[in-house]
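Residues per chain, in single letters:
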Amino acid sequence: SHCYFLTISNEGNGGIPYASFGNSLGCNPGYYHSGTSILLSGAAPETDWQISGWTGTINDESIATTNTVVMPDENHTAAVVYMMIPLEAPTLIAPANSTETAEYSIFFEWSEVLDASEYTIQISSEESFQTITIEKTSEISNLILTGLTPDTWYWRVMATGTNPDSLWSEVW
């Protein structure tokens, strides 16, 4: 039967996986028969990187360091996909959840996030944040906002830096 070539590669920063065996019987190195199941292992992200998925495998959603390819009846490529680890989401500190205040100036504070260079705070009258009333950035982990009218307000914070942005914090 025919022999087909398997290309194994990577995207992002980390090691290129290797096949559990070099070839199908009667095929040159790197070539396999259609239907052959080949275990890929050795995916190893560099520091600050993680596996975000695979391409060309039986489980492309996997974030494991191993995966399996079933060879089609043509040359085929499989790859591990690495992405930078996102920043941690900030933890909200003040004002406490469900605080009622008539203060004109409100002091907002959240946890510092390692490697964050800036924070974005959003204030909305909707818990879904469909409409953003105020969006500001701060290089430190707090901010004073003025002029919020008496109402129910929701707030959240996101960290940004060299790594991908954090998820939004929980909403208070």
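A short tour of the structure in this document, coming up. Since the structure is predicted, the reported quantities are computational estimates derived from the model, not experimental observations. (Residues numbered from 1 in each chain as written. Predicted model: local features only at pLDDT ≥ 70, side-chain atom pairs only at ≥ 80, totals over all residues. Heavy atoms only, no water.)

Our next topic: the sheet that holds strand β6 (residues 67-70). Backbone-to-backbone hydrogen bonds join strands into a sheet, with any given pair of strands oriented parallel or antiparallel. Ordered in space as β2-β4-β6, the 3 strands form an open sheet in which the pairing is antiparallel. Strand pairing shows two members of the sheet lacking a second neighbour, β2 (18-19) and β6, which therefore form its edges. In this structure, β2 lies alongside strand β4 (residues 37-41), joined through 2 bridges in antiparallel fashion. Each residue of the ladder has a partner; that of Y18, found in β4, is S41. (Pairing = 2+ DSSP bridges. Helix = DSSP H or I, 4+ residues; strand = E, 2+ residues; numbered from the N terminus.)

Here 3 strands make up an open sheet; going across it, the order is β8-β9-β12 and the pairing antiparallel. At either margin of the open sheet sits one strand with a lone partner, and together these are β8 (92-94) and β12 (142-146). Between one strand axis and the next, the sheet turns through 30 degrees on average, direction left out of account. The sheet contact formed by β8 and strand β9 (residues 105-110) spans 2 bridges and is antiparallel. Its bridge partner lying in β9, L92 is registered against W110. (Axes fitted to C-alpha atoms, helices over the stretch in contact; angles between N-to-C directions.)

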